[in-house]
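Chain residues, written in single-letter form:
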Amino acid sequence: MKRRPDSGVATQDSKRQSRQDPVSCESCRKKKLKCDRDLPCSSCSARKLDCSYGGYGPGTKYAQATGQTDQRPTLSDPVSRPPRTLQWTRQQETETQTHDGNEPLLTADWLETIVMGHRVPSAVPATLRAELFHHQESERSPSQRNNTPGNRFPAMRDRLASRENPATIHLPSYLPPLKEALSLFRYYCKYLDFQYHLIIPSHVERQIETIYDCVARNETINLAHTALLFGIAATALYYQLLIESPEHAEPFSQESTFLAGAALIQSNYIPYPSLEGLQATMIIGHHLSNMNLPSSVSPLFVHRSFVSQATGMGLHLVDCPRVVSERSANGFDKTSVELKRRLWWDLATYDWLMGFLSGPQEWTYSIQPQHMVVQEPLNVEDHEIDHSENGVPLSTPTAMSYSLCRLKLAIVCRQIVDETSYYHFHGQEVPYEKILGLDQKLHNICAEIPSFFRFDQASRREYSALYHARPTLAWQRALVNQGYHSRLCRLHRHYLVSGAKDPKYSYSHVVSLQSARKVLEVKRIMDEEEPVFTPHSSVIWAVMHHVFMAAAILLIDVCFNWDDILAEKRKEEVLDACRMLSRAQQSSPIAREGINAMMGILRRHWRHQKRASSRNSQELSAFSDSNATTTNTPDIPTPISLGSKSATFTPGIPNDQSIVYNSEDAFFDPLPLEDIWAEMLDSSINVELNTPDWTDLLTELTNVTLPSE
């Protein structure tokens, strides 16, 4: 069947367009597959392919006539403003023709996708495609329609904001509708702000409304406020979509992050920083640090830049005598001063916590307490800042209670770095007396945790009503306890194996295991008890990293003490933690990616150990085949004696180094996580552990959580 050649002339009475647009995506057309016309379609999602409609596709909106009220920039107009890359609600094509029955639509769809395939990319006119799409949408259940990401989230377009020049891109044309902007802002305030509390919500809401008032009056918008809006939108979109449409989370968030960076660049933020600009960068840096940010703006969202911009604004000298006297003479806004304190101490807290975390920044930090004059933030609700001189006691819950508890932990982490860095840098053993002294400091601040952040039965009963009225306090309680116990475990883990056989270090062995179990208990409470953690705790990688480290501690202990009278109970304890990780893998792409990375490290260390455990069978086969005598010898490490047990966790094998193994390495084929850990536990009687090497293993596992800077 031949097609009529296009005449190239379109009239008002034409019933067919001069050029038809494809129904299916390019991949489905090439493979001759049925395409459901979602973006991405189910076929591309299943095959993990890029889904493209060649410039057209679901949700595409054509340029409207200039006489219409709601005008949008067009791709064909070179002098118009840049087109929107984020269309925040699904848009239907407005000009469709009515046909009786759906047979022509279904026939055309069958012809395009089944028979002709990629050879006829435009067999179905846009009008028929629109009606077919409407018919298919009407056949979906209400829940299916409501769960379509395009109904509530921006649809990616062929032309992306991140492909534009950030210094010249027209930002107002990329703003979402006010209703959507406020929806994302409220999601951020309700479910994300409690982790760091970097904004005063009432102020930011007024700033957002002012932006849209200026756009409506065709006036210049405040670029710093716009950057903050895009930063909040990027973060809210990311976590909201992780649950509802994971494949959209990163690309949508990247676009909003780019727009936040573009607003900062256009506001000349680097030489002239602003509080709102700093808030925007810190929000993205805290919540999206593990995401691949657009390279043109990514330098804005690293901790070094935060500190530089904060010192440029004098946040490290907020309460020095000179500044205080100037405030007294000229008057000041108490809320602005308190916000500066909060931002500065958040930077210091992060810096000091990172100093006690494996990676290039380990055993060091940037913000020196002698180089700053800033009072600690008040424990006060946002609306009470102007009316409170000293705040309320920490025993009274406020929006700042968690940040202040986190700060106390950071101060002790800084002291740990101060007292142990010399020994680490010079390759010396830290005196055990220092470890015990630092342990006491951690226990002291644990004892100072407010009662509403405790997990004992009495506190949980006393504050159950408060947790339901203010769920964020329940979630902060979990994060506080995980933070403290994971640091206790980290402080003592070097003596985990030694403490199992040397009474001098037995305290460290006991504390490491107790802390690991406490971390796992907290995760169970997050998952099982009301109010349910939102977003799900598996989405927060810091939580899942602590869980994996705790499970690894228990696994190492079982492998070293395989002959313990409670060995079977300990194995079940490890498998229970593994099931927790497995559930997280299934529910969160962030957890899946992180757990897979940590499993790669764990299995790489286990690889040579697995071969060593089968050494006896190899040696037996060598007697029957003299040619095999030297085949596997180089791959078998020589264990180092540690009394009744010895070690061969072999570090230093690069991720990209390929090693050839025989059939016994089927152990490393893709298996469910629980099966892998179960086999590790079953072979624990043959496990050989070397104290320095398993410490390196834990260090490598810790490195997985480092923010990308």
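Quick caveat, the model's predicted, so the values are computed rather than measured.

(A) Fine view of the overall build of the protein chain. Of regular secondary structure, the protein chain possesses 27 helices and 4 strands. Every one of the 709 residues in the protein chain was classed for burial, and the buried ones make up 52%. Surface summary for the protein chain: the accessible area is close to 33,500 Å², and the carbon and sulfur share equals 51%.

(B) Molecular detail of helix α23 (residues 567-587). The end-to-end C-alpha distance of α23, which contains 21 residues, comes to 31 Å, matching closely the 30 Å that a straight helix rising 1.5 Å per residue would cover. Buried within α23 are the following residues: Ala567, Arg570, Lys571, Val574, Leu575, Ala577, Cys578, Met580, Leu581, Ser582, Ala584 and Gln585.

(C) Looking closely at the packing of aromatic side chains. Overall, the coordinates contain 16 aromatic pairs when judged by the stated rule. Centre to centre, the rings of tyrosine 238 and tyrosine 239 are 5.4 Å apart; their planes meet at 85°, and the pair counts as edge-to-face. On the basis of relative accessible area, tyrosine 238 is assigned to the buried category, the value being 9%. Residue classification places tyrosine 239 among the buried residues on the basis of a relative accessible area of 8%. One aromatic cluster is present, built from ring pairs that chain together Tyr187, Tyr191, Phe194, Trp475 and Phe533. Looking at arginine 477, its charged tip hangs above the ring of tyrosine 467, at a distance of 4.5 Å from the centre. If you follow arginine 490 out to its NZ or CZ, it ends over the ring of phenylalanine 356, 5.1 Å from the centre.

(D) Local environment of the pattern of salt bridges. Overall, the coordinates contain 19 salt bridges when judged by the stated rule. Residues arginine 217 and glutamate 219 are paired through a salt bridge, measuring 3.1 Å at the closest nitrogen-oxygen approach. Of the residues examined, glutamate 219 reaches a relative accessible area of 40% and is grouped as partly exposed. Residue glutamate 362 pairs with arginine 490 through a salt bridge whose shortest N-O separation is 2.5 Å. In this pair, glutamate 362 is assigned in the loop between α14 (334-355) and α15 (401-425) and arginine 490 in helix α19 (residues 471-492), connecting sequence segments 128 residues apart. For arginine 490, a relative accessible area of 12% translates into the label buried. A network of salt bridges, in which partner residues are shared, links Asp319, Arg327, Glu338 and Arg341.

(E) Inspection of the packing of helix α11 (residues 275-287) against helix α12 (residues 303-312) at higher detail. Put simply, α11 and α12 touch, their axes get as near as 10 Å, and they point 160° apart. Between α11 and α12, the angle falls in the class roughly antiparallel. Along this stretch, α11 crosses α12, giving a crossing that reads as left-handed. Touching Leu278, Thr281, Met282 and Gly285 of α11 are Phe306, Gln309 and Ala310, all from α12. Among the residues making up the contact of α11 with α12, the classes are represented as 4 nonpolar, 3 polar and no charged.

(F) Summary view of the environment of leucine 438. Within the element layout of this structure, leucine 438 appears in helix α16 (residues 432-447). For the pair leucine 438 and leucine 491, spaced 53 residues apart in the sequence, the C-alpha separation amounts to 8.3 Å. In this structure leucine 438 touches Gln415, Ile416, Glu419, Thr420 and Leu491, once residues within four positions along its chain are discounted.

(G) Molecular detail of the packing of α15 against α16. At a minimum axis separation of 10 Å, α15 and α16 run at an interaxial angle of 175°. Classed by the angle they form, the pair α15 and α16 counts as roughly antiparallel. The residues of α16 that touch α15, namely those facing Lys408, Leu409, Val412, Gln415, Ile416, Glu419, Thr420 and Tyr423, are Lys434, Leu438, Lys441, Leu442 and Ile445. Per-class residue counts for the contact of α15 with α16 are 7 nonpolar, 2 polar and 4 charged.

(H) Quick look at the side chain of aspartate 351. Position of aspartate 351 relative to the elements: it lies in helix α14. It turns out aspartate 351 is buried and unbridged, and the closest side chain with the opposite charge, arginine 304, is 8.9 Å from it. Those residues in contact with aspartate 351 that lie beyond four places of it in its chain are His303, Tyr365, Ser366 and Ile367.

(I) Region of the structure containing the confidence of the model for the protein chain. Of all residues in the protein chain, 67% have pLDDT values of 70 or greater, and the mean over the chain is 74. Mean pLDDT across the elements of the protein chain ranges from a minimum in strand β3 (residues 640-642), with 27, to a maximum in helix α8 (residues 201-216), with 97. This model gives residues 55-158 a pLDDT under 50, and the stretch forms 174 contacts once residues within four places in sequence are excluded. Per-residue pLDDT stays below 50 along residues 705-709; that stretch engages in 21 contacts with residues further than four places along the chain or on separate chains.

Quick notes on the rules
Residues numbered from 1 in each chain as written. Predicted model: local features only at pLDDT ≥ 70, side-chain atom pairs only at ≥ 80, totals over all residues. Heavy atoms only, no water. Helix = DSSP H or I, 4+ residues; strand = E, 2+ residues; numbered from the N terminus. Buried < 20%, exposed > 50% of the residue type's maximum accessible area, 1.4 Å probe, protein only. Areas by Shrake-Rupley, 256 points an atom, 1.4 Å probe, with all protein chains shown as cover. Expected span 1.5 Å × (residues − 1). Phe/Tyr/Trp six-rings, centres within 6.5 Å; stacked < 30°, edge-to-face > 60°. Lys NZ or Arg CZ within 6 Å of the ring centre and 35° of its normal. Salt bridge = Lys/Arg side-chain N within 4 Å of Asp/Glu carboxyl O. Axes fitted to C-alpha atoms, helices over the stretch in contact; angles between N-to-C directions. Parallel < 35°, antiparallel > 145°, perpendicular 65-115°, else oblique. Left-handed = near helix turned anticlockwise from the far one by under 90°. Contact = heavy atoms within 4.5 Å. Nonpolar A, V, L, I, M, F, W, Y, C, P; charged D, E, K, R; others polar. Lys, Arg positive; Asp, Glu negative; His and termini not counted. pLDDT = per-residue confidence, 0-100.

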